[in-house]
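Reading the structure
One letter stands for each residue in the lines below.
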Amino acid sequence: MQKVLIQSLVIFLLSFQIIKAQQPQKPNSVEIYNQIQKLNFLGSILYVAAHPDDENTRLISYFSNETNARTAYLSLTRGDGGQNLIGPQLRELLGVIRTQELMEARKIDGGEQFFTRANDFGFSKNPEETLEIWNKEKVLADIIWTIRKFQPDVIINRFDHRTSGNTHGHHSASAMLSVESFEKASNPAVFPEQLGLVQPWQTKRQFFNPSWWFYGSKEKFAAADKSNFVTIETGVYYPSVGKSNQEISALSRSCHQSQGFGSTGSRGEDIEYLEQINGDVLKNKVDVFEGIDTSWNRVKGGKSIGELLSKITSEFDFKNPSASIPDLVKAYSMMQALDENHWKPIKSEEIKNVIASCAGLYLEARANIQEITPANKLLISVEAINRSPIAIQLTSLTTLPDSKNTVQNLVLNNNVLQNINLDLQLPATMEYTQPFWLKEEGTEGMYTVADQKNIGIPDIIREVKVVFNMQINGVKIPFERTVIYKHNDKVKGEVYNYLDIVPDLTTSILDKVSLFANIKKKYIAVKIKAGKDAVKGDLQLELPKNWTVVPKSIPFSLDQKGKEQTVYFEVTPPNSQEEAVAKSVAIIDGKRYDKEQIIIDFDHITKQQVLQPAEAKFIRLDLKTEEKKIAYIMGAGDEVPNSLMQMGYKVTLINPEEITPEKMEGFDVVMTGIRAFNTIEALANKLNILYDFVKSGKTMIVQYNTPDLVYQIAPFSMNLSQDRVTDENAEVRFLAPNHPVLNSPNKITAKDFQGWKQEQGLYYPNSFDKAFTPILSSNDKRESPKDGALLIAPYGKGHYIYTGLSFFRELPEGISGAYKLLANMISVKSTVTIPAEKGKL
């Protein structure tokens, strides 16, 4: 039989049919055939880099689908420190989004996904800083744990371990740690505490995957000597699905929507290069598995399994896949007899999926509700159908985590649907559904994961499952299914979500930052939500003793699950300036409930529940503001408008289409959100109106944009650059200490730049017209001063202000100095007037 030139692209085809990630696979004959081919390849590759979207999806897709290798991506972080182009979520919540984007990407390119406990704390300019904040030993331990568990034959680094300081510090650090792990993973004296769960492992070879951007340009890379590089022709075409490897790679990369990495597929020849940096020298410069036995012969007693799988492949009937089931079941039985603990469980799970696919065996465990609390009884609807002539018996169903076994002894006749109802009593100690890496408090650079077995696991751990205990051709085969919830959407059709375990009650302080500019009381809104029926108790708002809260508690009674109620506390701040953390706590039958439920729900990823402490930051700050009406043009998404309203301003969100001279007359200030000019093409056509707005005596404040713009976004020349100050504690120097923006209505001092989070700012202009006054100067260690953080230019009767300062991070974190400085920018005044015609470009 002619070999089909596609390998395990099952999920690729399915990706066009699904609404949510957990919808069951329903592979066709070509996809089943490719799954069988993959059963007969026992080789693995681990790709290592620092962040989501660092991975080379062309190589991952190629090795997974063309070579048939078990291929995985180890991203040291979950991308928590990046920006977000699809919503306001930042830090840990962005990490949850980017984790799911990686999960979706791997479903398309065929890879697997792993992580370490490292937290992406933001841009780092050198690996020394990175490894200090990350805790080098812990991250190294996690990499070695992954190597010992995954047992890769080949490791490929995205970044060069020899480029310290020439790229993102996380990038260099990922390569440096990977290189260090190459030898240490095989040493039983290194992290011996892991050896009760895994064994030392020596990878055969390690490579660096160079690209043109390591050389500065495509022209320089084309001219570089590549004679010592391994050449991989990744531009293969898969006729069975009508897609090239590059097109599949582009679909995978396009999953990174939060980073704006939509990619267009290409076709034709395409070459990737690998430079060997460790291990047995590769002689042929083509096959990274040279000299490595990737057949079943590498497993003791496995030769006959490989021969049988070859027979199944050659005899596969595309019109009748079920004809392969007897031999597949035999191969499964042979695998169970092996005395081996690595490839045996991997291939056993793979072959079970193939058997189910050949039989058209559809198994589903569906909850009657999407959320449930611990100690409750869950109703589960089970669906089982065999769509083949093969004799299959459902002997029993085992529910987890209670391990209750319910005998069935049902014969699944061809195309006869069986519906079964089960009751599952959830234990009172059932863990809430949430990203396990966020459960315990971590540090700036590391997440806390107490259980060693959970380190590296990519996704939320879901414990509610049903095991279908089947007998096929006389062989017992268990099939495990995670319990899901599904419903029909009138627009999207069948929509799947997972079952979530939730607290009896969650609470949320609606304003995450509350500013008290004087000692006047404020009413603080707290929302409570019932996780089950008939919930009653008392709600408290906990604050330090010098803050007055009235009443001390508010009784509540919610009769229905999902019902919400908003209550209000009267809070009076102390006389002196102070910052405090407010905690919302519900007391039910003597038990504290102090979690806020955050739902992250985008169409391109699986719906996520995150439980965080129900807290907010209260700031007693002598903040002086003036009455201003602000028009805010949202860009990539941020929470700045909410902060402006906390400051007492009247804020209106406007779309670029609404920007007319008449519309703008009603405002004093126009402010653009982060990356507004990068993300909203129509905004470029409104610049003249906005400049006229400034000329008339108003103020325009532009927050950071990336330097890939092809037009000017200021009335004077200004060159955006990659300049940034990543050390949030870097000294800030005042270049124009007498400028009104540093003095009125609030006096700005160096103290106002203390306590900033993650970074001071990014994408500063590195050159600008003399009409601009640079206000601030700062720099990271061993770097030249960066003077473009805050630029102010009088224009006509008004002012144009550009700032790369990270207000979008600092304001939601409740940084007092950021509020004071922004208030001054909004109220900026000057005795200097620049003739408007000088600003024409």
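An account of the accompanying structure is given in this report. Remember, predicted model here, so these are calculated numbers, not experimental data.

In spatial order, the strands read β34-β33-β35-β36-β43-β42-β40; together these 7 strands make up an open sheet with mixed pairing. Every other strand in the sheet has two partners, leaving β34 (650-653) and β40 (773-774) as the edge strands with one partner each. Direction of pairing for strand β42 (residues 790-795) relative to strand β43 (residues 798-803): antiparallel, over a ladder of 6 bridges. For alanine 793, the partnering residue across the bridge sits in β43 and is tyrosine 800. Helix-sheet contacts for helix α19 (residues 816-826) involve β33 (629-633), β35 (669-672), β36 (699-702), β42 and β43, and the interaxial angle to β36 is about 140°.

This next bit is on the packing of aromatic side chains. A complete count under the given rule lists 29 aromatic pairs for this structure. Judged by centre distance (5.9 Å) and plane angle (80°), the rings of phenylalanine 716 and phenylalanine 772 are edge-to-face. Taken as a pair, phenylalanine 716 in the loop between β36 and β37 (718-725) and phenylalanine 772 in the loop between β39 (761-768) and β40 lie far apart in primary sequence, 56 residues in all. We classify phenylalanine 716 as buried; its relative accessible area is 4%. On the accessibility criterion, phenylalanine 772 (3% relative accessible area) is buried. Centre to centre, the rings of phenylalanine 772 and tyrosine 800 are 6.1 Å apart; their planes meet at 65°, and the pair counts as edge-to-face. Here phenylalanine 772 is found in the loop between β39 and β40, whereas its partner tyrosine 800 is found in strand β43, with 28 residues between them in sequence. Cluster of aromatic residues (ring-pair linked, three or more members): Tyr691, Phe716, Phe768, Phe772, Tyr795 and Tyr800. For lysine 226, the ring lying beneath its charged end belongs to phenylalanine 221, and the centroid distance is 4.8 Å. The positively charged end of lysine 522 is found above the aromatic ring belonging to phenylalanine 516, 5.4 Å away from the centroid.

Looking now at the side chain of serine 816. Looking at the element boundaries, serine 816 is found in helix α19. Ignoring sequence-local partners within four residues, the contact set of serine 816 consists of Glu579, Ile619 and Leu621.

In space, the 4 strands of this open sheet follow the order β21-β23-β27-β25, with antiparallel pairing throughout. Whereas interior strands pair on both sides, the edge strands pair on one side only; in this sheet they are β21 (505-509) and β25 (548-550). Adjacent strand axes in the sheet meet at a mean angle of 30° when their direction is disregarded.

What follows deals with the nonpolar core. The biggest cluster of nonpolar side chains holds 80 residues, and the ones touching the most others in it are Leu644, Tyr800 and Leu821. Those residues in contact with leucine 821 that lie beyond four places of it in its chain are Val741, Leu742, Ile748, Phe753, Leu776, Leu790, Leu805 and Phe807. Counting 57 residues, the second-largest nonpolar core is a separate cluster that includes Met335, Leu424, Phe468 and Ile477.

Moving on, we get to helix α5 (residues 127-134). Those residues of α5 that fall on the buried side of the exposure criterion are Pro127, Thr130, Leu131 and Trp134. Taken down its axis, α5 places every buried residue within 90° of arc, on the same side. Between the side-chain oxygen of the N-cap and the backbone nitrogen of glutamate 128 there are 3.2 Å, and the N-cap of α5 in question is asparagine 126.

The next point concerns helix α12 (residues 325-336). A rise of 1.5 Å per residue sets the reference length of α12, with its 12 residues, at 16 Å; its end C-alpha atoms lie 16 Å apart and thus fit the reference within 8%. All of the buried residues in α12 are Ile325, Leu328, Val329, Ala331, Tyr332 and Met335. Projection of α12 onto a plane perpendicular to its axis shows the buried side chains occupying an angular sector of 160°, all on one side. Each element contacted by the buried residues of α12 is listed here: α2 (29-39), α11 (303-314), α13 (343-359), β16 (465-472) and β17 (475-482).

The residue after valine 550, namely proline 551, is reached through a cis peptide bond having omega -10°. As for its placement among the helices and strands, proline 551 is situated in the loop between β25 and β26 (554-558). Here the residue pair serine 744 and proline 745 is connected by a cis peptide bond, since its omega of -5° sits within 30 degrees of zero. Along the chain, proline 745 turns up in the loop between β38 (732-734) and β39. A positive phi angle is found at arginine 675, which is not glycine, with a value near 55°. Within the secondary structure, arginine 675 sits in the loop between β35 and α16 (676-679).

Okay, the pairing of β36 next. Alternating positions in β36 separate into two faces, Thr699 and Ile701 on one and Met700 and Val702 on the other, with burial throughout. Looking at chain direction, β35 and β36 are connected through 4 bridges and run parallel. Along β36, the bridge assignment pairs threonine 672 with valine 702. As judged from the 4 bridges shared by β36 and β43, these two strands associate in the parallel manner. Residue pairing in the sheet places methionine 700 in a bridge with tyrosine 800 of β43.

This next bit is on the pattern of salt bridges. Counted under the stated rule, the structure contains 46 salt bridges. Here lysine 527 and glutamate 564 are joined by a salt bridge, their closest N and O atoms 4.0 Å apart. Separated by 37 residues along the polypeptide, lysine 527 in strand β23 (residues 522-530) and glutamate 564 in strand β27 (residues 564-572) bring together distant segments of the chain. The partly exposed category is assigned to glutamate 564, whose relative accessible area is 44%. Two residues, glutamate 542 and arginine 592, come together in a salt bridge whose shortest N-O distance is 2.9 Å.

With that settled, the discussion passes to the environment of valine 741. By the element assignment, valine 741 lies in the loop between β38 and β39. Note on valine 741: relative accessible area 0%, which makes it buried. In the structure, valine 741 is positioned 27 residues away from alanine 714 in sequence and 19 Å away in space, judged by C-alpha atoms. Once you skip the residues sitting within four places of it in the chain, valine 741 turns out to touch Ile748, Ile775, Ile792, Leu821, Asn824, Met825 and Val828.

Parameters and conventions
- Residues numbered from 1 in each chain as written.
- Predicted model: local features only at pLDDT ≥ 70, side-chain atom pairs only at ≥ 80, totals over all residues.
- Heavy atoms only, no water.
- Pairing = 2+ DSSP bridges.
- Helix = DSSP H or I, 4+ residues; strand = E, 2+ residues; numbered from the N terminus.
- Contact = heavy atoms within 4.5 Å.
- Axes fitted to C-alpha atoms, helices over the stretch in contact; angles between N-to-C directions.
- Phe/Tyr/Trp six-rings, centres within 6.5 Å; stacked < 30°, edge-to-face > 60°.
- Buried < 20%, exposed > 50% of the residue type's maximum accessible area, 1.4 Å probe, protein only.
- Lys NZ or Arg CZ within 6 Å of the ring centre and 35° of its normal.
- Core = buried A, V, L, I, M, F, W, Y, C linked by side-chain atoms within 4.5 Å.
- Arc of directions from axis to C-beta.
- Polar contact = N/O pair within 3.5 Å; in protein donor to acceptor, adjacent residues only side chain to side chain.
- Expected span 1.5 Å × (residues − 1).
- Salt bridge = Lys/Arg side-chain N within 4 Å of Asp/Glu carboxyl O.

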